[in-house]
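What the coordinates show
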Amino acid sequence: MNYDQSKLNTPPPYYGGGYGGNTVAQQTNAVMKRVYVRMFIGLLISAFCALGVASSPSAMMFIFGNRLVYWGILIAMFAMAIMIPVRMMKMSTGTVLGLFLLYSALMGVWLAPIFIAYRIGTIVYTLFITAGTFGAMSVYGYFTKSDLSKIGSFLVMALFGLIIAMVVNIFLKSSAMEWVISIVGVLLFVGLTAWDTQQVKRLAAANLDPALADKLATMGAMNLYLDFINLFLFLLRIFGGSRD
């Protein structure tokens, strides 16, 4: 959910050549199309990686039976989530996109155990609910005339509180607290989906260098991808009973 706003405070010169003289609406639509296409590609990569690892007992054992590998993946994902937005301006468009796709693959590997913990029917059912909820909130964020900036700031603060609560519950192991965390998580990422969509749309409408616009499309895809994944996981906790 992070964008390097300091780089965009001063409107850059017009780069009409990148859009062939298109209107602001056409320019925005072009960027948003890339956002959703890349997000969808990221989700497909995650799904295939998760299924591939889950279907291989040896891969599951190598990754989740080896603490070095398991924590290495988590640390790599955490580092990339911080590095990509921070270093975006200094990286090429291809590097930014490549890192996002790599991040999607690592996320898929990390999600592989859900195919062991939950029934496939439950996963598919929850996936459809997630897609419908995400789609509705993204459409709202795109078309609403309301300014979601203040709500977004509150949601980001609430996200840190949610992370702290999740860490605390690792030690408490309270099922009641886990249920509350799941409900709050769903509400939080429903709001973040609308906010992130509005943020991407506003930045896409700016008068940007085509190269910067392409990086923005990748970052927007990554932010919405993370909203989708987290929304799915929290919904899965609510709707998905374990296999037994």
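Let me sum up the structure you'll find in this document. Treat the numbers as computed from the prediction; the structure is a model and nothing was measured.

**Focus on the overall build of the protein chain**
- Assigned secondary structure in the protein chain consists of nine helices and zero strands.
- For the protein chain, with 244 residues in total, the buried portion stands at 42%.
- Across the protein chain, every contact between residues at least 6 apart in sequence was considered, and the portion connecting residues at least 24 apart equals 85%.
- Taken as a whole, the protein chain presents about 12800 Å² of accessible surface, with 71% of it coming from carbon and sulfur.

**Things to note about unusual backbone geometry**
- Its identity is not glycine, yet K173 carries a phi of approximately 55°, on the positive side.
- Looking at where K173 falls in the secondary structure, it is placed in the loop between α7 (149-172) and α8 (175-204).

**Things to note about the layout of surface pockets**
- Its boundaries defined by the atoms lining it, the largest pocket holds a volume of some 1900 Å³.
- Taken together, 42 residues make up the lining of the largest pocket; nearest its centre are M107, W110, I163, M166 and N230.
- Of all elements in the fold, only α3 (67-87), α4 (93-111), α5 (114-117), α7, α8 and α9 (210-239) reach the threshold of two or more residues within the lining of the largest pocket.
- If you tally residues by element for the lining of the largest pocket, the top one is α9, at ten residues.
- The class makeup of the residues in the lining of the largest pocket is 35 nonpolar, four polar and three charged.
- When its volume is computed, the second largest pocket comes out at roughly 470 Å³.
- As for the second largest pocket, its lining consists of 20 residues, of which L43, A47, L127, F228 and F232 are closest to the centre.
- When contributions to the lining of the second largest pocket are tallied by element, the ones reaching two or more residues are α1 (24-54), α4, α5, α6 (120-143) and α9.
- Partitioned by chemical class, the residues of the lining of the second largest pocket number 18 nonpolar, two polar and no charged.

**A few points about the nonpolar core**
- Ranked by size, the top nonpolar core spans 63 residues in total, and within it M39, Y103, M107 and Y225 carry the most contacts.
- At 16 residues, the largest contribution of residues to this core is made by α9.
- Excluding anything up to four places from it in sequence, Y225 contacts M39, G42, L43, S46, F100, Y103, S104 and M107.

**A look at α7**
- The end-to-end C-alpha distance of α7 is 34 Å, a good match for the 34 Å that 24 residues give at a rise of 1.5 Å each.
- Tucked into the core, α7 has its buried residues touching α8 and α9.
- Positive backbone phi, approximately 55°, marks K173, located one or two places after α7.

Cut-offs applied
- Residues numbered from 1 in each chain as written.
- Predicted model: local features only at pLDDT ≥ 70, side-chain atom pairs only at ≥ 80, totals over all residues.
- Heavy atoms only, no water.
- Helix = DSSP H or I, 4+ residues; strand = E, 2+ residues; numbered from the N terminus.
- Buried < 20%, exposed > 50% of the residue type's maximum accessible area, 1.4 Å probe, protein only.
- Contact = heavy atoms within 4.5 Å.
- Areas by Shrake-Rupley, 256 points an atom, 1.4 Å probe, with all protein chains shown as cover.
- 1 Å grid on protein atoms, 1.4 Å probe; cavity = no way out; pocket = protein on both sides within 12 Å on 5 of 7 lines; lining within 4 Å.
- Points joined across faces, edges and corners; volume = space filled by probe spheres on them.
- Nonpolar A, V, L, I, M, F, W, Y, C, P; charged D, E, K, R; others polar.
- Core = buried A, V, L, I, M, F, W, Y, C linked by side-chain atoms within 4.5 Å.
- Expected span 1.5 Å × (residues − 1).

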